2 protein chains.
Amino acid sequence: MVYSSKLLENAVNELARLPGIGRKTALRLALHLIRQEEANVESFSQAILKMKQEIKRCHVCHNISDTERCEICANPKRDHATVCVVQDIRDVMAIENTGQFHGAYHVLGGIISPVDGIGPEDLTIASLISRAETGDLKEIILALPTTIEGDTTNFYLSQKLKDTGILLTTISRGIPIGDDIEYADEITLGRSILNRIPFDTGNLQN
Amino acid sequence: MVYSSKLLENAVNELARLPGIGRKTALRLALHLIRQEEANVESFSQAILKMKQEIKRCHVCHNISDTERCEICANPKRDHATVCVVQDIRDVMAIENTGQFHGAYHVLGGIISPVDGIGPEDLTIASLISRAETGDLKEIILALPTTIEGDTTNFYLSQKLKDTGILLTTISRGIPIGDDIEYADEITLGRSILNRIPFDTGNLQN
């Protein structure tokens, strides 16, 4: 592609480095930004740089935060004895959105994946073990993906944590609410029968 | 969505303002940027701001440029008597990529569209008329979209330019090279028969 401007070309190159943004989309975004008011482009560029420069990771749970200790870890109303282990901060956001969990989190920053060269030392597992060893935790909920890598990480964590006496649980897997049983995949359906729970009228959805 | 950081939320808000980028994608992009080296995010943010602040429009053809006069208008090897009128700078790039055109351009910055409130005075039409009135132009090639708005703009320009004595042409429409005739839409096929051209062995593609 021939660009009539080096400035435009540089901006397109930078935008095209973002995941899922090709060069045609990058050009469209750059031309959109050129059409905006300068103040808007300034605040766009500032917001991104400021985020990168000033954002912190909570030193307790490794969630992204504006402070040394994130809002959840600093909240005295949360149950800090129950810790939900997740792969990514997006999982924290998803669980927070449900409004069903009032404990704390631990963000691993990924899962063990030998194929991608990610070992336990690349994740915040040592920090989770330290939290477990304080004796303040009662339950650790594993909320990792149901993939080989997720299972590997679950197994590794369960081995590391088995002597701490902390209750280890995992989020339930089963047929999503509202889904037809006939269309469910067989692994999920099989698991949902094996992991059946006592009927409770409090669980009725409608 | 609950964000654990105001800085992250601001960046997501800014990214989500880009066309075609929703909030989920914006979050993915922001988290990607957080994982990058600070120097990379700095150059990302600088490239965009610098582009907005320093980019110019060529005062002859209104193409985006780093200088007052764009490379094409300043190039003595180009045929400045032949001007191709396009809607957008992306059209200039597309035509330049073909390597088939050695004239100059005129970027209208849009097309006449009463529905969107775009009239001739919002485009660089007055500047095109001035170029035509210098007497230096021999041919103006209209390369606008084949839409009602494109046709309206073509008609408006032809009316404004008819007394200048400049040859007015339009790019050819027809069956794309490599396409099967049986699958062509009937309007294009009909036009390609009406606008048939003398057979010339120089036009053979293979």
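Located above this text is the structure these notes cover.
Residues numbered from 1 in each chain as written. Chains lettered and ligands numbered in written order. Predicted model: local features only at pLDDT ≥ 70, side-chain atom pairs only at ≥ 80, totals over all residues.

Trainee: Where do I start with the interface of chain A and chain B in this structure?
Mentor: You'll often see interface size given as the accessible area lost when the parts meet. Between chain A and chain B, the contact holds 47 residues from the first and 47 residues from the second. Looking at the side of chain A that touches chain B, the elements that each hand over two or more residues are helix H1 (6–16), helix H2 (23–35), helix H3 (38–54), strand E2 (64–65) and helix H5 (89–98) of chain A. No other element matches the 14 residues that H3(A) contributes to the side of chain A that touches chain B. The residue inventory of the side of chain A that touches chain B, partitioned by class, reads 25 nonpolar, 10 polar and 12 charged. (Contact = placed C-beta atoms within 7 Å. Helix = DSSP H or I, 4+ residues; strand = E, 2+ residues; numbered from the N terminus. Nonpolar A, V, L, I, M, F, W, Y, C, P; charged D, E, K, R; others polar.)

Trainee: Any chance you could explain the environment of Pro145(A) here in plain terms?
Mentor: Residue and element names in this part refer to chain A. Along the chain, Pro145 turns up in the loop between strand E5 (139–142) and helix H7 (148–161). Distance from Pro145 to Thr25, taken between C-alpha atoms, is 31 Å for residues 120 residues apart in sequence. Discounting residues that sit within four places of it in the chain, Pro145 has contacts with Gln87, Ile111 and Gly150.

Trainee: What should I look at first to understand the sheet that holds strand E6 (residues 167–170) of chain B in this one?
Mentor: Either a parallel or an antiparallel arrangement is found when strands of a sheet pair, and the pairing is made through backbone hydrogen bonds. Residues and elements named next belong to chain B. In space, the 4 strands of this open sheet follow the order E4-E3-E5-E6, with parallel pairing throughout. Bordering the open sheet on either side are strand E4 (103–107) and E6, each of which pairs with just one other strand. Mean inter-strand twist for the sheet, computed between neighbouring axes without regard to direction, equals 25°. In terms of strand pairing, strand E5 (residues 139–142) meets E6 through 4 bridges, oriented parallel. (Pairing = 2+ DSSP bridges. Axes fitted to C-alpha atoms, helices over the stretch in contact; angles between N-to-C directions.)

Trainee: Help me understand helix H1 (residues 6–15) of chain B, please; the structure alone is not making it clear to me.
Mentor: Counting along an α-helix, one turn takes 3.6 residues, and residues three or four places apart therefore face a common direction. Along H1(B), the positions that sit buried rather than exposed are Leu7(B), Leu8(B), Ala11(B), Val12(B), Glu14(B) and Leu15(B). One side of H1(B) carries all its buried residues, which in axial view fall inside an arc of 160°. On the buried face of H1(B), the contacting elements are H3 and E2 of chain A together with helix H2 (23–35) of chain B. (Buried ≥ 20, exposed ≤ 12 C-beta atoms within 10 Å, placed from the backbone. Arc of directions from axis to C-beta.)

Trainee: Just checking my understanding: could you explain the relation of the copies chain A and chain B for this structure?
Mentor: Note on the chain copies: they are related by a rotation about an axis and a translation along it. At an RMSD of 0.1 Å, chain A and chain B line up after a rotation of 180° and a shift of 0.0 Å along the axis. Such a turn and shift between the copies fits a two-fold axis. The C-alpha atom lying nearest the rotation axis in chain A is that of Ser45(A); the distance is 2.4 Å. Comparing interface residues between copies, 100% of those in chain A also sit at the interface in chain B, which points to an isologous, same-surface contact. (Least-squares fit on C-alpha atoms with pLDDT ≥ 70 in both.)

Trainee: Would you take a moment to explain the sheet that holds strand E3 (residues 79–86) of chain A for this structure?
Mentor: Residue and element names in this part refer to chain A. The parallel open sheet is built from 4 strands, whose spatial order is E4-E3-E5-E6. Among the strands making up the open sheet, the edge pair consists of strand E4 (103–107) and strand E6 (167–170). For this sheet, the mean angle separating the axes of adjacent strands, direction not counted, is 25°. Looking at chain direction, E3 and E4 are connected through 5 bridges and run parallel. Each residue of the ladder has a partner; that of Val86, found in E4, is Val107.

Trainee: What's the story with the nonpolar core in this structure? I'm lost.
Mentor: Most often, soluble globular proteins keep nonpolar side chains buried together rather than apart. Ranked by internal contacts, the top residues of the largest apolar core, which has 92 residues, are Val85(A) and Val85(B). Those residues within four positions of Val85(A) in sequence are excluded, and the remaining contacts are His106(A), Leu108(A), Leu128(A), Ile140(A), Ile141(A), Leu142(A), Ala143(A), Leu144(A) and Leu157(A). (Core = buried A, V, L, I, M, F, W, Y, C linked by C-beta atoms within 7 Å.)

Trainee: Quick question: what am I supposed to make of the packing of H3(A) against helix H3 (residues 38–54) of chain B here?
Mentor: Helix-helix packing: each pair is described by the crossing angle between the helix axes and the interaxial distance. Closest axis-to-axis distance for the H3(A)/H3(B) pair is 9 Å, and the angle between their directions is 175°. Judged by the angle between their axes, H3(A) and H3(B) are roughly antiparallel. Residues Glu38(A), Val41(A), Glu42(A), Phe44(A), Ser45(A), Ile48(A), Leu49(A), Lys52(A) and Gln53(A) of H3(A) form the contact with H3(B), whose participating residues are Glu38(B), Val41(B), Glu42(B), Phe44(B), Ser45(B), Ile48(B), Leu49(B), Lys52(B) and Gln53(B). Partitioning the contact of H3(A) with H3(B) into residue classes produces 8 nonpolar, 4 polar and 6 charged. (Parallel < 35°, antiparallel > 145°, perpendicular 65-115°, else oblique.)

Trainee: Would you mind going over unusual backbone geometry with me for this structure?
Mentor: One can expect most non-glycine residues to show negative phi and most peptide bonds to be in trans. Residues and elements named next belong to chain A. A positive phi is found at His62, a non-glycine position, where the angle reads about 70°. Topologically, His62 is positioned in the loop between strand E1 (56–57) and E2. Residue classification places His62 among the buried positions, given that 21 C-beta atoms sit within 10 Å.

Trainee: It is not clear to me how helix H6 (residues 125–133) of chain B should be interpreted in this structure. Could you clarify?
Mentor: Residue and element names in this part refer to chain B. Among all positions of H6, only Ile125, Leu128, Arg131 and Ala132 are buried. Buried residues of H6, viewed axially, fall in a sector of 115°; they line one side. Those residues of H6 that are exposed and angled more than 90 degrees off the buried face are Ala126 and Ser130. Where H6 is buried, its residues contact strand E3 (79–86), E4, E5 and helix H7 (148–161). Of the residues one or two after H6, Gly135 is the one with positive phi, at around 85°.

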